[in-house]
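So you can see what is in the structure, the chains are spelled out below.
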Amino acid sequence: MADGSLTAKRQEIALLRRLEERILWLASWTIHNANHLRESRDGLKVGGHQASCASMTTLMTALYMKALRPQDRVAVKPHASPVFHAIQHLFGRQSLDKLKAFRALGGAQSYPSRTKDVDDVDFSTGSVGLGVAVTAFASLAQDYLAARGSVKPESMGRMISLLGDAELDEGNIYEALIEACKHDLRNTWWIVDYNRQSLDATTKDRMFTRYGEIFEAAGWTVETLKWSKRQREAFERPGGAALKAWIETAPNDLYSALTYQGGAAWRERLTADLAGEPDALALVASYKDVDLGELMTELGGHCLETILEAFERASRDDAPRFFIAYTVKGLRLPFQGHKDNHAGLMNPTQIAELRERLGVVEGEEWDALSGLSSAERTALKGLVARAPFAAANDRNYTAATLATPTQDELLAAVAGGAEQSTQAAFGKVMFDIAARKDEFAGRVVTTSPDVTVSTNLGGFVNRRGVFHRRAHEDVFKRRRIPSAQVWSMGETGQHVELGIAENNLFIALAALGLTAPLFGERLFPVGTLYDPFIARGLDALNYACYQDARFLLVATPSGLTLAPEGGAHQSIGSPLIGMSQPGLDSYEPAFADETAVLMAHAFERIQAADGCSTYLRLSTRSIAQPERPDGSWKQGVVEGAYWLKRPAPDARLAIVYSGALAPEALEAHAALLEDEPGAGLLAVTSADVLHRDWTAAGRSRWTDGTKRTSTVERLLADLPRDAGLVTLVDGAPATLSWLGSVHGHRLRALGLETFGQSGDLPDLYAKYRLDADAVLDACADLLV
């Protein structure tokens, strides 16, 4: 390299180091302000993880100021949120008011949030491990769009995760890694802040070799950033090899303890352990205490030259990269290396010492460039302005709104058939969508964790194919072996087949459901799984909804109605999951036409400004379909309930049901009419939508004075106040038991409160009191 270029590079590194110090300061001060200076009205510790921020600052400075391009997307380590907000402030994308209100209402969030932060958050993080996995599936989503020409080769971005080493204990990371291997993942960087400390203690020794082996086996390129330039130079000196060997064999807890104690402690221990190595002793003696401490703790993850060289190498191809960046938790802070530093906070004296050491002027703490000369300020502002990442003003795209199928169009797909199941109806609708020639059909993408066929997606896949970047012929078809599944595999396929891991399903839906804001291209993701196993992926489902990913989730079969499969496959609490999950409308239709109407509604909600995702709880039970005199029922299906049999003005009873138990409710209602001719029959398609509407209407009356009657209030107003309700659901009875609170009706709730077992429907419904006799007994109890 020419002398001029070398000098320029050194100057840039010096500027980056200066900028890194100021990013560390601003992040530290943001946390200090929230905990020590801002008024506390409740006495609670605010927190903010200063030590975790310090270990990531160099990596994030190198990434955001040099390596990151506008098309790249980043999931930031949750506990490094203040560093992220500080960097965004330097880019002009985060206001000072938000920093001052960090972890307060309306301020910068504790962990990066797509929906609650105003700065440039690509992926929400918080529940550790999920922000890692989502980048793999975002890369898959980008490949899916690129195969259709929606993302041009020059616009392909890297999906990057910044993660703490303790996150590598999360099993969902390895589930995602396996799936990434299957789908020939590319354009993905996972950068590990390997500080060898978790929340409770130091981590187990020598795990880095195991991590490297795992990722190499999965086809990733592993980059270990262990030594800084300063250390590498020291190791070249006489005695350097012995010093390097000592560091490599030092237990994590000893290394951390000496890091906390500082240069004198390092000298004492090294002098004792290297007593037989005169060159090494001379090398140690050549450093002052402070310099020795810096030498021993400035690892590869704190060396800008080392990091930037690694990022430059990785930029030459699109192979997935796993970076193990050795760092010190809390480096340059008074509790660096201490095993209890995870939630540690600098006290006022300590933050003042840091301010003085970094040259920040007292009273100018919020000015990241305080105390610098005019030339330095100009140089650092220029460095930020020249960062490739600074080129994009707005990276949160808006996708065009597409025409989606109407209710009548999807109803036509399920027309005919005296008896149908809701799961079969779903399959018919998807098969019909696969035959469409419009843009909507081309933007539907389905996915399932190895239950594609058994959840009735097979017909769609037969018509639309399986997505993979590398084409693979259907060998059974070529060899003329009969099979109901004719699955071609290639870039034009519209189904993403996953292994049997529910976490991967929900994280895939999160990534596919965010393509509109991330890439400017709307997809309509449809994911299926068995309803009893929705609980296995709840963390990931919540994660998807938290960042407003949009998709249709179909969980089927469900409940005790999955009779012969036994209790392990019979879901109980999933209706309550649907009711309690924000960002997800939960429905449980009973009939095929209800299913079609709700699918049309779900596709509308995916792209509505105030929309959300939808969860359909379906069943394989084939039941008689109702005759509809008109279309008035459709609105009720979407709103959550409608009278299948409207009660008489003097009715003393009404039966309320959801889902697959409609035949039992109808049978009981028919029998009840002999003694109670005015009894009503209420079909509830969504306890979730009904309940949310009811509570919102009540809230509005005492918050803003708005008088609004909710759907359920209107429907139950048809019953006299002294009438009784019997509710019936194949799930937790609490799903519908709240209905008695709407107008004070007496109520008996029937449902499933214990684990089921194998059997046929008559036996199981009778044993668990879900049959017509149980409904009539409950009605009699109310009348008595």
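Residues numbered from 1 in each chain as written. Predicted model: local features only at pLDDT ≥ 70, side-chain atom pairs only at ≥ 80, totals over all residues. Heavy atoms only, no water.

We count it as follows: UniProt positions are given in the numbering used here, feature names are shortened, and annotations may be inferred rather than shown by experiment.
If you check an unreviewed UniProt entry, the protein chain appears there as Pyruvate dehydrogenase E1 component from Caulobacter sp. 602-2. The UniProt entry for the protein chain carries this comment under Function (unreviewed entry): "Component of the pyruvate dehydrogenase (PDH) complex, that catalyzes the overall conversion of pyruvate to acetyl-CoA and CO(2)."

Re the nonpolar core
Selection criterion: Here, nonpolar core refers to any group of buried Ala, Val, Leu, Ile, Met, Phe, Trp, Tyr and Cys residues whose side-chain atoms link them within 4.5 Å. Any residue under 20% of the maximum accessible area for its type is buried, any over 50% is exposed, and the rest in between are partly exposed; the area is computed with a 1.4 Å probe on protein chains only. Secondary structure elements follow DSSP: runs of H or I of four or more residues count as helices, runs of E of two or more count as strands, with numbering from the N terminus. Where each domain begins and ends is defined by an automated method or by a domain database.
Judged by nonpolar contacts, the single largest core of 70 residues is most densely connected at M430, I433, M599, F603 and Y657. At 9 residues, helix α26 (residues 592–607) tops the list of elements feeding residues into this core. Split by domain, the residues of this core number at least three in each of domain 3 (407–624) and domain 4 (640–783). In this structure, W29, L68, V83 and L333 belong to the second largest nonpolar core, which totals 64 residues.

Notes on the pairing of strand β3 (residues 188–194)
The criterion, for reference: Seen with its strands pointing away from the viewer, a crossover is right-handed when the path leading from the first strand over the helix to the second is clockwise. Paired strands, as defined in this entry, are two strands with at least two bridges between them according to DSSP.
Of all 7 residues making up β3, 7 are buried, and the element is well covered by its neighbours. Where burial is concerned, the two faces of β3 agree: the one with T188, W190, V192 and Y194 and the one with W189, I191 and D193 are both buried. The parallel pair strand β2 (residues 159–164) and β3, bridged by helix α6 (residues 171–182), forms a crossover whose chirality is right-handed. Relative to strand β5 (residues 321–326), β3 runs parallel, the two sharing 6 bridges. Paired with V192 across the strands is I324, a residue of β5.

A few points about α6
For clarity, the threshold we go by: Multiplying one less than the number of residues by 1.5 Å gives the expected span of a helix.
Under the 1.5 Å per step criterion, the end-to-end length of α6 is 17 Å for 12 residues, consistent within 8% with the ideal 16 Å. Every buried residue of α6 is listed here: N172, I173, Y174, A176, L177, E179 and A180. Just downstream of α6, D184 is the residue with a positive phi angle, here 55°.

Re helix α2 (residues 50–67)
The condition that has to hold: Bend, at a single residue, is the angle you get between axes fitted to the 7 residues ending at that residue and the 7 residues starting at it.
For α2, with 18 residues, the first-to-last C-alpha span of 24 Å sits near the 26 Å given by 1.5 Å per residue. The sharpest bend along α2 comes to roughly 45°, located at M56. The buried fraction of α2 is high, at 17 of 18 residues.

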